[in-house]
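Chain residues, written in single-letter form:
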Amino acid sequence: DTAVSQTPKYLVTQMGNDKSIKCEQNLGHDTMYWYKQDSKKFLKIMFSYNNKELIINETVPNRFSPKSPDKAHLNLHINSLELGDSAVYFCASSQMRAGGNEQYFGPGTRLTVT
Amino acid sequence: AQSVSQHNHHVILSEAASLELGCNYSYGGTVNLFWYVQYPGQHLQLLLKYFSGDPLVKGIKGFEAEFIKSKFSFNLRKPSVQWSDTAEYFCAVMPYNTDKLIFGTGTRLQVFP
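Predicted, not measured: the structure shown is a model, and the values here were computed from it.

Undergrad: What am I meant to see in the sheet that holds strand β3 (residues 19–25) of chain A here?
TA: Sheets are built from strands that pair by backbone hydrogen bonding, the pairs being arranged parallel or antiparallel. Residues and elements named next belong to chain A. The strand order across the open sheet formed by four strands is β1-β3-β8-β7, and the pairing between neighbours is antiparallel. In this open sheet, the two edge strands, each paired with only one partner strand, are β1 (4–7) and β7 (64–70). Shown here is a sheet whose adjacent strand axes are inclined to one another by a mean of 20 degrees, direction ignored. Sheet topology note: the β3/strand β8 (residues 73–78) ladder contains four bridges and is antiparallel. What sits directly across from Lys 19, in β8, is Ile 78.

This is how it looks when you write it as structure tokens:
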């Protein structure tokens, strides 16, 4: 009965590699997000998608490319990984409504680039 | 630019002590306000939220928060903490009619038995 799930939970890779993180939600929400949490625990939004359409893109390097095959999935592909990409990446989902919404977070993917 | 400040970076309390964590934001318009909690090794969970109405909001696990518009504040309180409240607490602001959550830097709470 997991609401927002992410795979993998841990990802260790070398600089220069390309990797993907997958996210799925079974809440029937129409909007999904990617957040990055750095080593100081600071959380910052990277992207949001509403019904497979990119809504928010927060000055993230072009090496990061989100892909939403349907509204229940939002994957994050990262090219040419750098040391500074090491972080915990959280996926979230919500139902967009006038005024604002409550976002539900996944368990996170801890990415370590060596 | 919009920002959220959490002045207490690390708080250490004994069980049964009262808790108040500060949160201030800078944004001139209407906002929705949230407190999330992250237990060690886990994902973020919503503690409580304020969209409109009564500025005193009650959440899960005995937490409450008060929105004071004139002070741009949304402080989190709990009258008596438990060891199980040990976690990282994040305040977040969402400008009205957007879905962009802006997080504070978090407050680490340690509760000792």
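Undergrad: It is not clear to me how the state of the cysteines should be interpreted in this structure. Could you clarify?
TA: One way to say it: the disulfide is the covalent bond shared by the sulfur atoms of two cysteines. The final tally for this structure, using the stated rule, is two disulfides over all chains. Here Cys 23 of chain A pairs with Cys 91 of chain A through a disulfide, and the sulfurs are 1.9 Å apart. Judged by the sign of its S-S torsion, about -80 degrees, the cystine formed by Cys 23 of chain A and Cys 91 of chain A is left-handed. Residue Cys 23 of chain A is located in strand β3, and its partner Cys 91 of chain A is located in strand β9 (residues 87–94); the two are separated by 68 residues in the primary sequence. By relative accessible area, which is 1% here, Cys 23 of chain A ends up buried. What pairs with Cys 23 of chain B in a disulfide is Cys 91 of chain B, and their sulfur atoms sit 1.9 Å apart.

Undergrad: In this structure, what is going on with the interface of chain A and chain B? I would like to understand it.
TA: Many structure descriptions define interface size as the accessible area lost when the parts assemble. The partner chain B presents 21 residues to the 23 residues of chain A that form the contact. Across the interface of chain A and chain B, roughly 1800 Å² is buried in total on both sides, 57% from carbon and sulfur atoms. Linking chain A with chain B are two salt bridges, by the criterion used here. The partner of Lys 49 of chain B in a salt bridge is Glu 102 of chain A, and the shortest N-O contact between them spans 2.9 Å. When contributions to the side of chain A that touches chain B are tallied by element, the ones reaching two or more residues are β4 (31–37) and β5 (43–50) of chain A. In terms of residues, the side of chain A that touches chain B owes the most to one element, β4 of chain A, which gives four residues. Of the residues contributing to the side of chain A that touches chain B, the split by class is 11 nonpolar, eight polar and four charged.

Definitions and limits used
- Residues numbered from 1 in each chain as written.
- Chains lettered and ligands numbered in written order.
- Predicted model: local features only at pLDDT ≥ 70, side-chain atom pairs only at ≥ 80, totals over all residues.
- Heavy atoms only, no water.
- Pairing = 2+ DSSP bridges.
- Helix = DSSP H or I, 4+ residues; strand = E, 2+ residues; numbered from the N terminus.
- Axes fitted to C-alpha atoms, helices over the stretch in contact; angles between N-to-C directions.
- Disulfide = S-S within 2.5 Å.
- Buried < 20%, exposed > 50% of the residue type's maximum accessible area, 1.4 Å probe, protein only.
- Contact = heavy atoms within 4.5 Å.
- Buried area = accessible area lost by both parts, 1.4 Å probe.
- Salt bridge = Lys/Arg side-chain N within 4 Å of Asp/Glu carboxyl O.
- Nonpolar A, V, L, I, M, F, W, Y, C, P; charged D, E, K, R; others polar.

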